[in-house]
Amino acid sequence: MTRPVLSVRGLRVEFPTRKGVLVAVDDISFDIAEGEVLGVVGESGAGKSMTGSAVIGLIEPPGRIAGGEVRLDGRRIDNLPYEEMRRIRGRRIGMIFQDPLTSLNPLYRIGDQIVETIRAHAPVGEKAARQRAIALLGDVGIQGAEARIDSYPHQFSGGMRQRVVIALALAADPELVIADEPTTALDVSIQAQIIQLLKRLCRERGTAVMLITHDMGVIAETADRVAVMYAGRIAEIGPVRDVVQSPHHPYTKGLMGSIPTLDANAPRLMQIPGAMPRLNAIPKGCAFHPRCMEALGRCWQDRPEPAAIGRSEVACWLTAGAVAGAGR
Amino acid sequence: MLAFAIRRVIEAAVVMLTVALLAFVLFRFVGDPVNQMVGQDTPLEDRIRIRQELGLDDPVPVQLGRFLWGAVRFDFGISYQVKQPVAALIAERFPATIELALAAAVFAVVLGIPMGVYTGIHRDSWLSKIFLTISLIGISLPTFLIGILLIYLFAVKLGVLPSFGRGEVVAIGFWRTGLLTASGLKALILPAITLGLFQMTLVTRLVRSEMLEVLRTDYIRFARARGLASRAIHFGHALKNTLVPVITIIGLQVGALIAFAIITETVFQWPGMGLLFIQSVQNADIPVMAAYLMMVALLFVLINFIVDLLYVAVDPRIRILGGAS
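Residues numbered from 1 in each chain as written. Chains lettered and ligands numbered in written order. Predicted model: local features only at pLDDT ≥ 70, side-chain atom pairs only at ≥ 80, totals over all residues. Heavy atoms only, no water.

Topic: the overall build of chain A
Under the convention used in this document: Runs of H or I in DSSP of at least four residues are treated as helices and runs of E of at least two as strands, each being numbered from the N terminus. Throughout, the radius of gyration refers to the C-alpha atoms, and the reference size of a globule is 2.2 Å times the residue count to the power 0.38. Buried means the residue's accessible area, taken with a 1.4 Å probe over protein chains only, is under 20% of the maximum for its type, while exposed means over 50%, and partly exposed covers the values in between. Residue contacts are counted whenever heavy atoms from the two residues lie within 4.5 Å of one another. As used throughout, the charge tally considers Lys and Arg to be positive and Asp and Glu to be negative, leaving His and the chain termini uncounted. Every charge is mapped onto a representative atom, which is NZ of Lys, CZ of Arg, CG of Asp or CD of Glu.
Scanning chain A from N- to C-terminus turns up 13 helices and 12 strands. Taken over the C-alpha trace, chain A has a radius of gyration of 21 Å; the compact-globule value for 328 residues is 20 Å, and the two agree within 12%. Based on the C-alpha atoms only, the size of chain A along its principal axes is roughly 65 × 50 × 40 Å. Among the 328 residues that make up chain A, the fraction classed as buried is 51%. Long-range contacts, defined here as pairs at least 24 residues apart, represent 63% of the contacts in chain A between residues at least 6 apart. Counting 39 positive and 36 negative side-chain charges, chain A places the centres of these two groups 2 Å from one another.

Listed below in structure tokens is the structure:
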């Protein structure tokens with residue numbers, strides 16, 4: 001593996017509330033290599049988006065990074081002053097949000113928004129920036145970019161707007177793009193197009209992607225590696241084929257078993273009983289144990305740490321036991 | 001756009017006609033103006049002669065027609081009290097009120113918007129709390145009291161600003177302005193602050209609540225994620241999105257400033273339309289009252305029209321809607 005573009009170690013995000021501190025992201029570590037696509041999956045509230053916001057330094061107060069570090073190209077960025085972090089946002093880390101209908105400012109022409117982004121990060125003139133903006137719009141597949149650059153967001157459809165949002169995220173050629181549920185708000189027929197577009201553009205530019213979604217299908221198609229999050233922690237992380245085809249963590253197994261297929265002989269869809277705990281009621285030990293069919297006595301007491309199995313890392317006492325039992 | 005303009009002109013005509021009818025009704029029900037004009041021992045023949053001269057013994061439809069025809073040409077007859085054409089009286093007073101109202105509006109906007117933006121961005125800073133306290137005072141103190149307090153402080157105690165009048169004026173055509181002389185400008189300060197303080201607090205609070213709303217939106221988060229400078233985010237992206245409701249309120253308030261500057265004009269003896277109106281009420285000078293009513297209605301109609309045009313300038317989505325309808 002090449003040198004990681006992004007390296008997250010022991011990241012912890014807390015929200016102080018009147019009833020105590022809520023831990024939204026609890027001690028997670030992962031790397032994203034140059035040009036790699038890391039999928040991050042999990043249920044709502046698992047801490048996926050919060051991880052993305054922490055990386056780009058946009059956690060809404062009173063939330064805060066309470067521990068760990070985030071490194072971009074080896075340089076620590078989680079403790080930078082606001083102004084320095086601002087120069088990294090957009091320039092070196094781009095971000096795509098879920099809802100293209102609300103991501104664009106309705107009062108500005110899309111061209112102005114792109115030009116503004118380009119000029120915030122590079123010393124180019126109005127004309128040159130506009131030329132770049134037209135090229136970018138062409139790149140993201142907007143027909144007649146020359147004419148449409150002066151349109152307002154409401155003159156575009158949802159899919160088109162998400163293309164514009166992608167153009168904006170890539171405007172300053174960042175090394176990493178965080179795509180937070182980029183297709184969730186779109187029609188199913190458009191979703192695949194947008195994902196393909198994002199994947200192609202990032203491959204062409206060598207941009208690494210952190211793709212946050214709850215759609216395993218999107219992950220399987222797009223990601224190189226995948227991190228499965230549960231209750232603020234990473235349950236399993238590894239190459240997408242390994243995780244999809246031979247998951248180790250019981251939660252991952254449940255997740256994979258719950259994906260419908262068109263195979264006539266497929267068994268009934270699996271379901272995981274219960275629901276993910278709320279942030280103020282995360283159980284002791286392994287957070288998944290109340291829902292886990294195979295939980296051991298130990299799972300009630302001790303929190304499992306990620307341990308390597310093959311090319312993956314899994315945080316589960318079952319597999320840790322299996323590894324130990326196999327005498328490795 | 002053309003359909004929009006035509007519709008607005010028709011609406012405006014209906015409003016003005018309604019107000020004209022109301023103004024005309026004033027003539028019929030506020031007693032006999034002749035009694036106000038003549039002495040107690042004026043003989044009956046003289047009274048009848050005056051009534052005929054004023055056309056008050058014509059049938060009602062004829063009088064109405066004459067009033068409307070006059071109103072269209074800005075001819076509102078002769079003031080019963082000062083025996084001068086009403087239009088001339090108003091034209092003489094009009095610049096004073098407009099200058100006062102505009103100065104108050106500028107004061108309210110120029111201070112109110114930055115204060116609103118600041119308190120919206122820095123919710124918990126001590127400066128925000130000071131601003132909000134000032135705005136609370138501005139909302140809760142009645143206008144005349146603010147005026148009197150300002151006079152007491154700046155005119156009586158410190159003696160730096162005049163307590164009444166307009167100072168020297170310079171005539172530009174029919175428009176007599178106080179904006180070009182030092183004494184005129186000095187005389188404008190206290191009345192403008194008195195009149196504008198309430199509007200300023202209104203603008204501050206409105207901009208603040210709108211800013212709080214807008215700063216939570218996705219496009220502001222996205223603007224941050226794109227690495228734009230705070231200034232561009234706050235004043236470019238956020239402020240512009242707060243402007244539609246702010247323009248509405250400011251527009252209506254400018255109308256209110258012009259129409260209801262009466263109290264401020266009375267406190268400062270400002271020779272504007274408000275003072276003229278108060279005097280005309282005291283003397284049952286109906287032509288002046290009617291003309292004032294028409295004037296104020298016309299101003300509101302015009303301001304509303306301008307506000308609608310400003311919407312279109314600020315928000316491109318309204319442009320499309322207007323074009324489609």
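Looking at the overall build of chain B
Inclusion rule: Areas reported here follow the Shrake-Rupley algorithm with a probe of radius 1.4 Å; residue values treat only the protein chains shown as occluding.
The helix and strand inventory of chain B stands at 14 helices and two strands. Expressed along its principal axes, the backbone C-alpha trace of chain B runs to roughly 85 × 60 × 35 Å. Contacts in chain B between residues far apart in sequence, at least 24 positions, make up 70% of those at least 6 positions apart. Just so you have it, chain B exposes about 16,400 Å², and 70% of that area is on carbon and sulfur atoms. Separation of charge centres in chain B, based on 26 positive and 20 negative side chains, amounts to 14 Å.

Quick word on the interface of chain B and chain A
The condition that has to hold: Once two parts are joined, some of their accessible surface, as seen by a 1.4 Å probe, is lost; buried area is that loss totalled over both. Each reported salt bridge corresponds to a side-chain nitrogen of Lys or Arg within 4 Å of a carboxyl oxygen of Asp or Glu. We call two N or O atoms a polar contact when they sit within 3.5 Å, provided that within protein one can donate a hydrogen and the other can accept it, with sequence-adjacent residues counted only if both atoms are side-chain atoms.
Facing the 21 residues of chain B at the interface are 29 residues of chain A. Note on chain B versus chain A: buried area summed over both sides is about 2,400 Å², and carbon and sulfur give 57% of it. The three residues of chain B that bury the most area against chain A are Arg221(B), Phe222(B) and Arg226(B), which together make up 30% of that side's buried surface. Counting the contacts that link chain B with chain A gives two salt bridges. Residues Arg226(B) and Glu116(A) are paired through a salt bridge, measuring 3.4 Å at the closest nitrogen-oxygen approach. One can count 14 residue pairs in polar contact (both at pLDDT 80 or more) joining chain B with chain A. When residues of the side of chain B that touches chain A are traced back to their parent elements, those giving at least two are helix 9 (218-225), helix 10 (230-259) and helix 14 (316-324) of chain B.

Some thoughts on the environment of Ala33(A)
Residues and elements named next belong to chain A. Among the secondary structure elements, alanine 33 is positioned in strand 2 (residues 20-33). The class of alanine 33 is buried, set by a relative accessible area of 5%. The spatial distance from the C-alpha of alanine 33 to the C-alpha of aspartate 73 is 9.7 Å, given a sequence separation of 40 residues.

Section: the packing of aromatic side chains
Applied cut-off: In this analysis, rings of Phe, Tyr and Trp, with Trp reduced to its six-membered ring, are considered paired at centre separations within 6.5 Å, and the interplanar angle assigns stacked below 30 degrees, edge-to-face beyond 60, and tilted for intermediate values.
The full count for this structure, using the stated rule, is seven aromatic pairs over all chains. Ring geometry for Tyr118(B) against Phe131(B): centres 5.9 Å apart, planes inclined by 80°, an arrangement best described as edge-to-face. Residue Tyr118(B) is located in helix 5 (residues 86-121), and its partner Phe131(B) is located in helix 6 (residues 126-140); the two are separated by 13 residues in the primary sequence. Joined through ring pairs, the aromatic side chains of Tyr230(A), Tyr251(A) and Phe288(A) make up one cluster.

Let's talk about the sheet that holds strand 11 (residues 307-309) of chain A
Residue and element names in this part refer to chain A. For clarity, the cut-off: Two strands qualify as a pair provided DSSP detects at least 2 bridges between them. To define axes, lines are fitted to C-alpha atoms, for helices over the stretch in contact only, and angles between the resulting N-to-C directions are given on a 0 to 180 degree scale.
Sheet architecture is open: eight strands sit in the order 6-7-8-3-9-10-12-11, paired in mixed fashion. At either end of the open sheet lies a strand with only one pairing partner, and these are strand 6 (93-96) and strand 11. The sheet shows a mean angle of 20° between the axes of neighbouring strands, taken without regard to direction. Bridge count for strand 9 (residues 225-230) against strand 10 (residues 233-239) is six bridges, and the pairing is antiparallel. The residue of strand 10 that forms the bridge with valine 228 is glutamate 236.

Remarks on the pattern of salt bridges
Within this structure, the stated rule accounts for 35 salt bridges over all chains. When the shortest N-O distance is used, the salt bridge between Asp302(A) and Arg298(A) registers 3.6 Å. Take Asp302(A): its relative accessible area is 35%, and that puts it in the partly exposed class. Between Glu11(B) and Arg8(B) there is a salt bridge, and its shortest N-O distance comes to 3.3 Å. Highlighted residues: Glu11(B) and Arg8(B), both in helix 1 (residues 2-29), separated by three residues, approximately one helical turn. In this structure Glu11(B) comes out as partly exposed when scored by relative accessible area, which is 38%. For Arg8(B), a relative accessible area of 19% translates into the label buried. Residues participating in the shared-partner salt-bridge network are Arg12(A), Glu14(A), Asp26(A), Asp27(A), Arg64(A), Arg233(A), Arg303(A) and Glu305(A).

Things to note about the packing of helix 8 (residues 182-215) of chain B against helix 10 of chain B
Residues and elements named next belong to chain B. Applied cut-off: Angle categories are assigned with fixed cut-offs, so that under 35 degrees is roughly parallel, over 145 is roughly antiparallel, 65 to 115 is roughly perpendicular, and the rest are oblique. By convention the crossing between two helices is left-handed if the near helix lies anticlockwise of the far one by an angle smaller than a right angle, and right-handed if it lies clockwise.
At a minimum axis separation of 9 Å, helix 8 and helix 10 run at an interaxial angle of 150°. By the angle between their directions, the pair helix 8 and helix 10 is classed as roughly antiparallel. Here the hand of the crossing between helix 8 and helix 10 comes out right-handed. For the pair helix 8 and helix 10, the contacting residues are Leu195, Gln199, Leu202, Val203, Leu206, Val207, Glu210, Met211, Val214 and Leu215 in the first and His234, Ala238, Leu239, Asn241, Thr242, Pro245, Val246, Ile249, Ile250, Gln253 and Leu257 in the second.

Some details on the pairing of strand 3 (residues 37-41) of chain A
Residue and element names in this part refer to chain A. Within strand 3, five of the five residues are buried, leaving the element largely enclosed by the surrounding structure. Residues Val37, Gly39 and Val41 of strand 3 are buried on one face, and the alternating residues Leu38 and Val40, pointing to the opposite face, are buried as well. Relative to strand 8 (residues 208-212), strand 3 runs parallel, the two being bridged by four bridges. Directly across from valine 37, in strand 8, lies its bridge partner valine 209. Relative to strand 9, strand 3 is paired through four bridges, and the arrangement is parallel. Opposite leucine 38, over in strand 9, you have arginine 225 as the bridge partner.

Thoughts on the nonpolar core
Note the threshold: Here, nonpolar core refers to any group of buried Ala, Val, Leu, Ile, Met, Phe, Trp, Tyr and Cys residues whose side-chain atoms link them within 4.5 Å.
With 95 residues, the main nonpolar core has Phe30(A), Ile93(A), Leu137(A), Ile166(A), Leu176(A) and Ile178(A) as its most contacted residues. Broken down by element, this core gets its largest block of residues, seven residues, from helix 7 (residues 158-170) of chain A. In contact with Leu137(A), other than residues within four places in its own chain, are Ile110(A), Ile114(A), Ile142(A), Ala145(A), Ile149(A), Val164(A) and Ala167(A). Core analysis: the second largest hydrophobic core is formed by 65 residues, Phe94(B), Tyr219(B), Trp270(B) and Leu299(B) among them.

Things to note about helix 4 (residues 110-121) of chain A
Residues and elements named next belong to chain A. Operational definition: How far a helix is expected to stretch is found by multiplying one less than its residue total by 1.5 Å.
For helix 4, which comprises 12 residues, the first-to-last C-alpha distance of 17 Å matches the rise-based estimate of 16 Å (1.5 Å per residue) to within 8%. Three or more residues of helix 4 are buried, namely Ile110, Gly111, Gln113, Ile114, Val115, Thr117, Ile118 and His121. Contacts from the buried residues of helix 4 go to helix 2 (82-88), helix 5 (126-139), helix 6 (145-148) and helix 7.

What about unusual backbone geometry?
In this structure, the amide linkage connecting Pro61(A) to the following residue, Pro62(A), adopts the cis form with an omega of 10°. Within the secondary structure, Pro62(A) sits in the loop between helix 1 (48-56) and strand 4 (64-72). The phi torsion at Ala231(A) lies on the positive side, around 50°, for a residue other than glycine. One can find Ala231(A) in the loop between strand 9 and strand 10. Classification of Ala231(A) by relative accessible area gives buried; the value is 4%. Even without a glycine there, the phi angle at Phe74(B) is positive, about 60°. Relative to the assigned elements, Phe74(B) resides in the loop between helix 4 (60-72) and helix 5.

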